[in-house]
Amino acid sequence: MKRIRVTVGGEVTAEVDAVGEIVIGRAEGVDIRVNDPEVSSRHVRVRAAGDEVFVTDLGSTNGTGLGDGTLTPNAEVPLRRGQKLMLGPAMVEVIEPAADADDGHSGDMFEAEHTVAVGGAGMQAALISVARFKAAAPRLVIGAAHDRRTVAIQEMEAVIGRDGHDCQVEIPHGSVSSRHAALTFKDGVFELRDLGSRNGTFVSGAKITEPTIIAPETAVTIGTIECLFVCNQPESDDASRLTEQLASHAAAMSKITPSQARQVLDEHRRTGRLLGELFVEKGMLEPADWADMWRQRDVISTLGSGAGATAGSSSKGWIIFALIAAVVAVAAILMNLG
């Protein structure tokens, strides 16, 4: 079986079996990563078909060299043994590993899996990080009046912006810069940074000027477009009860109607989609409203448990909550006066 070898600075950094499609680029989460500014996030795709290997430049910024020429973007061409494919400092080539005549087995039965061969501990950490990212399945719920949709974040380094050709999350609005912000998954957390945008990037209403860690169910503003960042989280024993309490609270506070609460709860149970994701996508709640409720979920849960399941009990619980909030506000005023 043919293999794909990547060499950087004379050192072999990766080697994989030529099976299916292999994406090489700078972004975390690609099949083979070359972390260099001359390499685009998703630079080239290598595809194996039978005994042939083909390569496609995926619209890279700095181009891909092959022999004395340069690949035409998005045009698939054969990559043959002996040819050198150049992307930034990396050289990609097709090799045929020598057969092991002493193993006594056919090559087909013991073919290696499609894995990157780059050192034990580092590779394990990378694979764990990719697995955690995929399990989280991050999404950005766009909550603009004219544009309500949920966009899956499919790369561990995703650019958000107006330019659909150069961004993984496209938001076509005048307040959004071509490359506005970047969302990165690193060391188990999501981090948002502004890319020098004209109108700024905001997390929970505060403008960010440096990379900022964001938690799930956080309101994010791109230019003037309100969004909600969500991702899957480990299920807890009381997750179902909390979901019902949050929907009931939204109805009790007249942010939605009881029928809307039932509608979204039914869809949540049927599809497994998150409650906030559905509320924002359907235009029932603004991202900031849901994010505020989510931050107060422990208080909401406590009051909901103490108040019981009936609408009347829920109202009594929120009267108590309002009284507590008023006492805290008065105490704060008195402290300031003192």
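Use the structure listed above.
Residues numbered from 1 in each chain as written. Predicted model: local features only at pLDDT ≥ 70, side-chain atom pairs only at ≥ 80, totals over all residues. Heavy atoms only, no water.

Draft legend 1. Spotlight on the pairing of strand 21 (residues 218-222). With five of five residues buried, strand 21 lies mostly within the body of the structure. Hairpin connection of strand 21 to strand 22 (residues 225-230): two residues between the antiparallel strands, including G223 at a positive phi of 65°. (Buried < 20%, exposed > 50% of the residue type's maximum accessible area, 1.4 Å probe, protein only. Helix = DSSP H or I, 4+ residues; strand = E, 2+ residues; numbered from the N terminus. Pairing = 2+ DSSP bridges.)

Draft legend 2. Examining the side chain of T201 more closely. Inspection of the secondary structure assignment puts T201 in strand 18 (residues 201-203). Judged by relative accessible area, T201 falls into the buried class, the value being 0%. Of the polar contacts made by the side chain of T201, one reaches the side chain of H180; its length is 3.4 Å. If near-sequence neighbours (up to four positions away) are discounted, T201 is found in contact with H180, A181, L192, D194, A206, K207, I208, T221 and I222. (Polar contact = N/O pair within 3.5 Å; in protein donor to acceptor, adjacent residues only side chain to side chain. Contact = heavy atoms within 4.5 Å.)

Draft legend 3. Summary view of the pattern of salt bridges. One pass over the full model with this rule turns up 18 salt bridges. A salt bridge links R149 to D147; its shortest N-O distance comes to 2.7 Å. What makes R149 partly exposed here is its relative accessible area of 27%. In this structure, the salt-bridge partner of R148 is E286, at a minimum N-O distance of 3.2 Å. Taken together, the residues R148 in strand 13 (residues 147-152) and E286 in the loop between helix 4 (275-281) and helix 5 (287-295) connect sequence positions 138 residues apart. Using a relative accessible area of 25% as the deciding quantity, one classes R148 as partly exposed. What you see here is one network of salt bridges that share partners, running through R3, R5, E15 and D17. (Salt bridge = Lys/Arg side-chain N within 4 Å of Asp/Glu carboxyl O.)

Draft legend 4. Local environment of the packing of helix 2 (residues 239-252) against helix 5. Put simply, helix 2 and helix 5 touch, their axes get as near as 11 Å, and they point 125° apart. Judged by the inter-axis angle, helix 2 sits oblique to helix 5. Seen along the crossing, helix 2 lies across helix 5 with a hand that is right-handed. Each of L242, L246, H249 and A250 in helix 2 lies in contact with helix 5, whose residues at this interface are W290, M293 and W294. Partitioned by chemical class, the residues of the contact of helix 2 with helix 5 number six nonpolar, one polar and no charged. (Axes fitted to C-alpha atoms, helices over the stretch in contact; angles between N-to-C directions. Parallel < 35°, antiparallel > 145°, perpendicular 65-115°, else oblique. Left-handed = near helix turned anticlockwise from the far one by under 90°. Nonpolar A, V, L, I, M, F, W, Y, C, P; charged D, E, K, R; others polar.)

Draft legend 5. Quick look at the sheet that holds strand 14 (residues 157-161). What the five strands build is an open sheet, ordered 15-14-16-17-20; its pairing is mixed. Taken across any chain shown, the strands that pair with only one partner, and hence form the sheet edges, are strand 15 (169-170) and strand 20 (212-214). Judged from the four bridges that link them, strand 14 and strand 16 (residues 181-186) form a sheet pairing that is antiparallel. Of the residues in strand 16, the one forming a bridge with E157 is T184.

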